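Geometric and topological summary
Here is what each chain is made of, one letter per residue.
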Amino acid sequence: MSFNETRKKHILLISGDPLTSAEVKMELVHHFDVSISATVESALSALEMYDTSAVVVCIRVSHEEAFSVFTGSLESIKEKSIPIIFLAEKGCDVDEKAAFELGAVDYSNRRHGTPQALVTRINHRILAGEHARWVESGLENAPTLIHPPEAILENKTILIVDDLNTNREIVEAMLSNITGLVMHFASNGKEAVDEFAKDPGLYTLILMDVQMPVMDGLEATRKIRSLGCFHSREIPIIAMTAGVSPEEIGLCMDAGMNGYVEKPMAYDELLTVAANHCM
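Not measured: the values here are computed from a predicted model.

Right, let's get into the nonpolar core. Counting residues in each nonpolar core, the largest one holds 24 residues, and the members touching the most others are Ile158, Val171, Leu175, Leu207 and Leu270. Ranked by residue count, the leading element in this core is helix H13 (residues 267-276), at 6 residues. Ignoring anything within four residues of it in the chain, the contact list for Val171 reads Ile160, Met183, Leu207, Met240, Met265 and Leu270.

Pairing between the strands of a sheet is mediated by backbone hydrogen bonds and can be parallel or antiparallel. Taken in spatial order, the 5 strands make up an open sheet running S2-S1-S3-S4-S5, and their pairing is parallel. The open sheet is flanked by strand S2 (33-37) and strand S5 (106-109), the only strands paired with a single partner. Neighbour-to-neighbour, the strand axes of this sheet turn through a mean angle of 20°, independent of strand direction. Relative to S5, strand S4 (residues 84-88) runs parallel, the two sharing 4 bridges. Opposite Leu87, over in S5, you have Ser108 as the bridge partner. Along the sheet face, helix H2 (residues 40-49) touches strand S1 (10-15), S2 and strand S3 (52-59) and points at about 150° away from the line of S2. Where helix H5 (residues 93-101) meets the sheet, its contacts fall on S3, S4 and S5, and the angle it forms with S5 comes to roughly 155°.

Time to look at the packing of aromatic side chains. The full count for this structure, using the stated rule, is 4 aromatic pairs. Here the aromatic rings of Phe67 and Phe86 are separated by 5.4 Å at their centres, their planes lie at 40°, and the arrangement is tilted. Residue Phe67 is found in helix H3 (residues 64-72), and its partner Phe86 is found in strand S4; the two are separated by 19 residues along the sequence. Classification of Phe67 as buried rests on a relative accessible area of 11%.

Turning to the sheet that holds strand S8 (residues 205-209), a few remarks are in order. The parallel open sheet is built from 5 strands, whose spatial order is S7-S6-S8-S9-S10. Sheet topology places strand S7 (182-186) and strand S10 (259-262) at the edges, where each strand pairs with a single neighbour. Each strand axis lies, on average, 20° off the axis of its neighbour in the sheet, ignoring direction. Of the pairings in the sheet, the one linking strand S9 (residues 237-241) to S10 comprises 4 bridges and is parallel in character. Pairing of Met240 across the sheet is with Val261, part of S10.

Turning to unusual backbone geometry, a few remarks are in order. The omega torsion across Lys263 and Pro264 is -5°, close enough to zero to call that bond cis. Here Pro264 shows up in the loop between S10 and H13. Backbone geometry places Ser81, a non-glycine residue, at a positive phi of 55°. Looking at the element boundaries, Ser81 is found in the loop between helix H4 (74-79) and S4. In this model, Asn155 sits at a positive phi of 60°, which is unusual for a non-glycine residue. Position of Asn155 relative to the elements: it lies in the loop between helix H7 (149-153) and strand S6 (157-161).

What follows is about the pairing of S4. Of all 5 residues in S4, 5 are buried, a share of seventy percent or more. Along S4, one buried face is formed by Ile84, Phe86 and Ala88 and the opposite face, lined by Ile85 and Leu87, is buried too.

Turning next to the packing of helix H9 (residues 189-198) against helix H10 (residues 217-225). Between H9 and H10, whose axes approach to 8 Å, the crossing angle comes to 20°. With respect to their mutual orientation, H9 and H10 come out roughly parallel. In terms of crossing hand, the pair formed by H9 and H10 is right-handed. Judged by residue contacts, Gly189, Val193 and Phe196 of H9 engage Ala220, Lys223 and Ile224 from H10. Here the contact of H9 with H10 is built from residues that sort into 4 nonpolar, 1 polar and 1 charged.

Right, let's get into the pattern of salt bridges. Applying the stated criterion across every chain, the model contains 7 salt bridges. In this structure, the salt-bridge partner of Lys190 is Asp194, at a minimum N-O distance of 3.0 Å. Of the two residues, Lys190 and Asp194 both sit in helix H9, 4 residues apart, roughly one turn of that helix. Relative accessible area serves as the criterion here: at 43%, Lys190 is assigned to the partly exposed category. In this structure, Arg222 and Glu219 form a salt bridge, with 3.2 Å as the shortest nitrogen-oxygen distance. In this pair, Arg222 and Glu219 both sit in helix H10, 3 residues apart, roughly one turn of the helix. On the basis of relative accessibility, which here comes to 40%, the residue Arg222 falls in the partly exposed class. Looking at Glu219, the relative accessible area reads 29%, which means it is partly exposed. Among the charged side chains, a salt-bridge network with shared partners connects Asp162, Asp209 and Lys263.

Parameters at a glance
Numbering of residues starts from 1 in each chain and follows the order in which that chain's sequence is written. Totals for whole chains, interfaces and linings use all residues, but because this is a predicted model, local features are given only for residues with pLDDT of at least 70 and pairs of side-chain atoms are given and counted only at 80 or more. The side-chain numbers reported here are obtained from all heavy atoms of the structure, hydrogens and water having been left aside. Joining through side-chain atoms within 4.5 Å is the link that ties buried Ala, Val, Leu, Ile, Met, Phe, Trp, Tyr and Cys residues into a set, and such a set is a nonpolar core. Burial classes follow relative accessibility: with a 1.4 Å probe on protein chains only, a residue under 20% of its type's maximum area counts as buried, one over 50% as exposed, and anything between as partly exposed. Elements are defined by DSSP. Helices are runs of H or I of four residues or more, strands are runs of E of two residues or more, and each kind is numbered from the N terminus. It only takes one pair of heavy atoms within 4.5 Å for two residues to be counted as in contact. For two strands to pair, DSSP has to find at least two bridges joining them. Here the axes come from fitting lines to C-alpha atoms, over the contacting stretch only for helices, and the angles between their N-to-C directions go from 0 to 180 degrees. Each pair of aromatic rings taken from Phe, Tyr and Trp, with Trp reduced to its six-membered ring, is defined by centres within 6.5 Å and is described as stacked if the planes are under 30 degrees apart, edge-to-face if over 60, and tilted in the remaining cases. When describing relative orientation, an angle under 35 degrees is termed roughly parallel and one over 145 degrees roughly antiparallel, while 65 to 115 degrees is termed roughly perpendicular and anything else oblique. Crossing handedness is read from the near helix: turned anticlockwise from the far helix by less than a right angle, it gives a left-handed crossing, and turned clockwise, a right-handed one. Under the grouping applied here, Gly and all other residues not named as nonpolar or charged are polar, the nonpolar ones being Ala, Val, Leu, Ile, Met, Phe, Trp, Tyr, Cys and Pro and the charged ones Asp, Glu, Lys and Arg. By definition here, a salt bridge exists when the distance from a side-chain nitrogen of Lys or Arg to a carboxyl oxygen of Asp or Glu is within 4 Å.

So, in structure tokens, the structure goes:
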């Protein structure tokens, strides 16, 4: 390692399924130093050998092995105050409850094809743990705590506007795991304007399709901006569009939109853009 090279943070990946272990490691290896443990002995050895920054527990439908390895090494993990992240192939209320009772700070479904979202989530949990330890120690100059996108969107109410029911359902599914997030829907621009006008202060964000019947997203945005109240002027309106040429994005900005996400939408991009405009 050269003098100027930054050492990667170490992640201990616990899984009873070799295929899942290999897949998740491939998603993380460019960002972290990753070791895999499928036995209690190897997990304890890794915890002794490395300065581990986070433990990621991968669980599938048959999850007994991963839970067994995790609980067998839990005392050592807690002694070192290492953040615990559960990554489920398919979420289960019983598993989620057990994970948090055992000290997990994060439990989420694995979203294939969005590795950056997982990397971001792990980095935020590591930073939060470091921040907490600095605060508890009473030392000054604690690292800045950056809230994960999900936390920024918690307990917010947003308006999702798209003429296709399938597209509305996709956005709803993408955001469904965010605690307290309330989603209202409209199927065209006119419905969106009418819905917003009922209670402008209710909404934190509008996700607006551009091409729609009755009234398109550009006209709907202009009408919302012209309602004459503070919230109509200030609410972030994000275009959801397949047309991302400079000319098309320019039309969105000229209508009063604040940003855009490209269709088909990636989970991590949607989450990041939405959170950035809700801060």
